[in-house]
Amino acid sequence: MLTKRIIPCLDIKNGRTVKGVNFLDLKDAGDPVELAKKYVDTGADELVFLDISATEERRKTLIELVSKVAASINIPFTVGGGISSVEDVDVLLRNGADKVSINSSAVKNPDLISQIAAKYGSQCTVVAVDAKEINGEWMVHLVGGKVPTEIKLFDWVVEVEKRGGGEILFTSMNNDGTKNGFANEALAQISQLVNIPIIASGGAGTMQHFADAFTHGKADAALAASVFHYNKIAIPDLKQFLKQQNIEIRI
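To keep things clear, this report deals only with the structure shown in the data block.

About the cut-offs
Residues numbered from 1 in each chain as written. Predicted model: local features only at pLDDT ≥ 70, side-chain atom pairs only at ≥ 80, totals over all residues. Heavy atoms only, no water. Core = buried A, V, L, I, M, F, W, Y, C linked by side-chain atoms within 4.5 Å. Buried < 20%, exposed > 50% of the residue type's maximum accessible area, 1.4 Å probe, protein only. Helix = DSSP H or I, 4+ residues; strand = E, 2+ residues; numbered from the N terminus. Contact = heavy atoms within 4.5 Å. Polar contact = N/O pair within 3.5 Å; in protein donor to acceptor, adjacent residues only side chain to side chain. Salt bridge = Lys/Arg side-chain N within 4 Å of Asp/Glu carboxyl O.

## Some remarks on the nonpolar core
Counting 71 residues, the largest nonpolar core has Phe 170, Phe 210 and Phe 228 as the members making the most contacts within it. Looking at this core, the element that brings in the most residues is helix H6 (residues 153-162), giving 5 residues. With near-sequence residues (within four places) excluded, Phe 170 lies in contact with Val 129, Ala 131, Trp 138, Leu 153, Ala 183, Ala 186, Leu 187, Ile 190, Ile 199, Ala 200 and Ser 201.

## With respect to the environment of Arg 163
Note on placement: Arg 163 falls in the loop between H6 and strand E10 (167-172). Taking the C-alpha atoms as reference points, Arg 163 and Lys 146, 17 residues apart in sequence, are found 25 Å from one another. Contacts of Arg 163, omitting those with residues within four sequence positions, involve Pro 110, Asp 111, Ile 113 and Ser 114. Among the polar contacts made by the side chain of Arg 163, one reaches the side chain of Glu 159 at a distance of 2.7 Å.

## Quick word on the pattern of salt bridges
Summed over the entire model, instances satisfying the criterion amount to 12 salt bridges. With a shortest N-O distance of 3.0 Å, Arg 250 and Asp 45 are connected by a salt bridge. Linking Arg 250 in the segment after helix H10 (235-244) with Asp 45 in the loop between helix H1 (32-41) and strand E4 (47-51), this pair joins segments that are 205 residues apart in sequence. Overall, Asp 45 belongs to the buried group, its relative accessible area being 9%. One salt bridge connects Lys 68 with Glu 64, and the closest N-O pair in it is separated by 4.0 Å. In this pair, Lys 68 and Glu 64 both sit in helix H2 (residues 63-71), 4 residues apart, roughly one turn of the helix. The class for Lys 68 is partly exposed, based on a relative accessible area of 47%. For Glu 64, a relative accessible area of 60% corresponds to the exposed category. By sharing partners, the salt bridges in this structure join Arg 5, Glu 46, Lys 99 and Glu 167 into a single network.

Okay, here's the thing in structure tokens:
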């Protein structure tokens, strides 16, 4: 059985790590390079770097900062934000990213998923999906959750896999930053529809929430930000807790 992964997420705005609730009210959470080093030292399995305002501000990801973070870590590193072409991916991979995460650009141009997968492999192609449950229906949102679409979450994840996406990073906007737990029912439904790994995001508040995402939500990895940034949960403690619950995890 594959081990489950614990992934801290650095949401970047103006060169600093930030965190909000339901994608709003962003607060400073520290220096990205220092946080990245801390997560390597404490046993994170991977690291995700999302330049959350790049798409909205119509600019490319902060390459210099990506390069600095990459130079300070030795675990798999996924970078997203403002990626709209294969050329953008090329620049990020040359500056230390191991994988890229595309979101709004994938919805606007689904061929981009296929293009990246064809050139760099599905294992490099992470598709992030921000979705909100509205009147019982999960709908995809773009541009850091600011732009609603008519696309249904469960239809979209199936298309992502068909087009060569190698991993889905699903963030529940309803749960994001609330610390009330992940959207496990939606996660479990996604896992029934696709055969690629699913990263759960949005809502971590306790160690049990991570366990629930793996057992009830059938997630392959769990991503969190504020509980790690503000030292509410230490990754070594979390991993011991999960191991005690017979969840396969790398200690």
